[in-house]
Amino acid sequence: MENKNISPLLEVRDLHVEVEGKEVIKGIDLALYGGAKLALMGPNGSGKSSLSMALMGHPGYKVKSGSIILDGNDITGLSPDKRAKVGLFLAMQNPVSVPGVSVANFLRAIMKAKRGEEVPIREFREMLVKAMGLLEMERSFANRYVNDGFSGGEKKKLELLQMVLLNPKVAVVDEIDSGLDVDALKIVADGVNRITGENNAFLLITHYRRILDYIRPDGVVVLMEGRIVASGGPELINQIDRQGYDWLSAKTA
Ligand SMILES: Nc1ncnc2c1ncn2[C@@H]1O[C@H](COP(=O)(O)OP(=O)(O)OP(=O)(O)O)[C@@H](O)[C@H]1O
Ligand SMILES: [Mg+2]
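Conventions used here
Residues numbered from 1 in each chain as written. Chains lettered and ligands numbered in written order. Predicted model: local features only at pLDDT ≥ 70, side-chain atom pairs only at ≥ 80, totals over all residues. Heavy atoms only, no water. Helix = DSSP H or I, 4+ residues; strand = E, 2+ residues; numbered from the N terminus. Rg over C-alpha atoms; globule rule 2.2 N^0.38 Å. Buried < 20%, exposed > 50% of the residue type's maximum accessible area, 1.4 Å probe, protein only. Contact = heavy atoms within 4.5 Å. Lys, Arg positive; Asp, Glu negative; His and termini not counted. Salt bridge = Lys/Arg side-chain N within 4 Å of Asp/Glu carboxyl O. Polar contact = N/O pair within 3.5 Å; in protein donor to acceptor, adjacent residues only side chain to side chain. Pairing = 2+ DSSP bridges. Near = heavy atom within 4 Å. Areas by Shrake-Rupley, 256 points an atom, 1.4 Å probe, with all protein chains shown as cover. Nonpolar A, V, L, I, M, F, W, Y, C, P; charged D, E, K, R; others polar.

Engineer: Hey, could you run me through the overall build of the chain in this one?
Structural biologist: In terms of regular secondary structure, the chain is built from nine helices and twelve strands. Rg of the C-alpha trace for the chain: 18 Å, near the compact-globule value of 18 Å for 253 residues, within the 12% margin. If one aligns the C-alpha atoms of the chain with their principal axes, the spans along those axes are about 55 × 40 × 40 Å. Taking all 253 residues of the chain together, 49% fall into the buried category. A sequence separation of at least 24 residues applies to 69% of the contacts in the chain between residues at least 6 apart.

This is the structure we're talking about:
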């Protein structure tokens, strides 16, 4: 999918990130081209979620140096909502619950925030029904309160639903496989596969290969102790599956 003649949708240049005074990302370079599904793997505590937080502009994750470029625009200093407006989407490892707000109203508010104006109710309903169909979700899901009593799988599906509706240029998906059974995993993977086109790209964060059996990334990068220690094609996933991460840690020293 990589085409050297076109510029990447997301580019990370020599990024250093600090959290609570500790450097957790120690110089990362990444390029994501349209149509790409890049898997970011690595053991617990290697900095995967920190990288996604920094990409999204979480104030606790301070960029000390380096830059983040989205579709040609430097977004390093932008607030999270501005980043979302220009087309970055983050699905979090542990999403929050919003009791008292229905899924439908929550999604409509998100769409309004992105567009800068209310989405007419008929148009919104049509979009919602289409998106829920794509993800094979029950209609009644739209009437439930956001993440209130949701199962792990339902939380992930809600994130996917947001993603389908927002149609981001770049989506960073952190551990979307956590808590999903095999059937739900297939639906989620199918959803990701169906919404990936030439004009968007995915960064999929995971430590297990399970979801990668269904999503089939075209590239893999491995993070350890805040640095990229390996990058390659999907064969790297099998190698990690067989050998774990230890054989790579020698390379970080
Ligand atoms: N908010 C925070 N406050 C303090 N330390 C943090 C914070 N967030 C991350 N860290 C530290 O940064 C390092 C990287 O953590 P991070 O959550 O990015 O790892 P990860 O690769 O996502 O791990 P996992 O696979 O367990 O999700 C760890 O040492 C962690 O303790
Ligand atoms: Mg994490």
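Engineer: Honestly, the side chain of Asp-174 in this entry has me stumped. Any pointers?
Structural biologist: Secondary-structure assignment places Asp-174 in strand 9 (residues 170–174). Although Asp-174 lies buried, it forms no salt bridge, and the closest oppositely charged side chain, Lys-48, sits 6.7 Å away as judged by the N-O distance. Looking at Asp-174, its side chain comes within polar contact range of the side chain of Ser-49, at 2.6 Å.

Engineer: When you look at unusual backbone geometry in this model, what are you seeing that I'm missing?
Structural biologist: Negative phi values dominate among residues other than glycine, just as trans dominates among peptide bonds. Residue Arg-216 is not a glycine yet carries a positive backbone phi of 50°. Position of Arg-216 among the secondary structure elements: in the loop between helix 7 (210–215) and strand 11 (219–224). Of note, Glu-225 is a non-glycine position whose phi angle comes to about 45°, a positive value. Position of Glu-225 among the secondary structure elements: in the loop between strand 11 and strand 12 (227–232).

Engineer: Would you mind going over the sheet that holds strand 5 (residues 73–74) with me for this structure?
Structural biologist: Hydrogen bonds between backbone groups are what pair the strands of a sheet, and the pairing can be parallel or antiparallel. As summarised here, the arrangement of the four strands in space is 2-1-4-5, forming an open sheet in which the pairing is antiparallel. Edge positions in the sheet fall to strand 2 (22–32) and strand 5, since each has one partner strand and no second.

Engineer: Could you clarify how one ought to interpret the site of ligand 1 in this entry?
Structural biologist: Around ligand 1, the surrounding shell holds 16 residues, and the nearest of these are Asn-44, Gly-45, Lys-48, Ser-49 and Ser-50. Ser-46 places a main-chain nitrogen or oxygen 3.2 Å from an oxygen atom of ligand 1. The backbone of Gly-47 places a nitrogen or oxygen atom 3.1 Å from an oxygen atom of ligand 1. Coverage of ligand 1 by the protein amounts to 67% of the 630 Å² it exposes when considered alone. Looking at the shell around ligand 1, the elements with two or more residues in it are strand 2 and helix 1 (48–56). With three residues, the top contributor of residues to the shell around ligand 1 is helix 1. When grouped by side-chain class, the residues that make up the shell around ligand 1 number four nonpolar, eight polar and four charged.

Read these as spatial facts, not as claims about activity.
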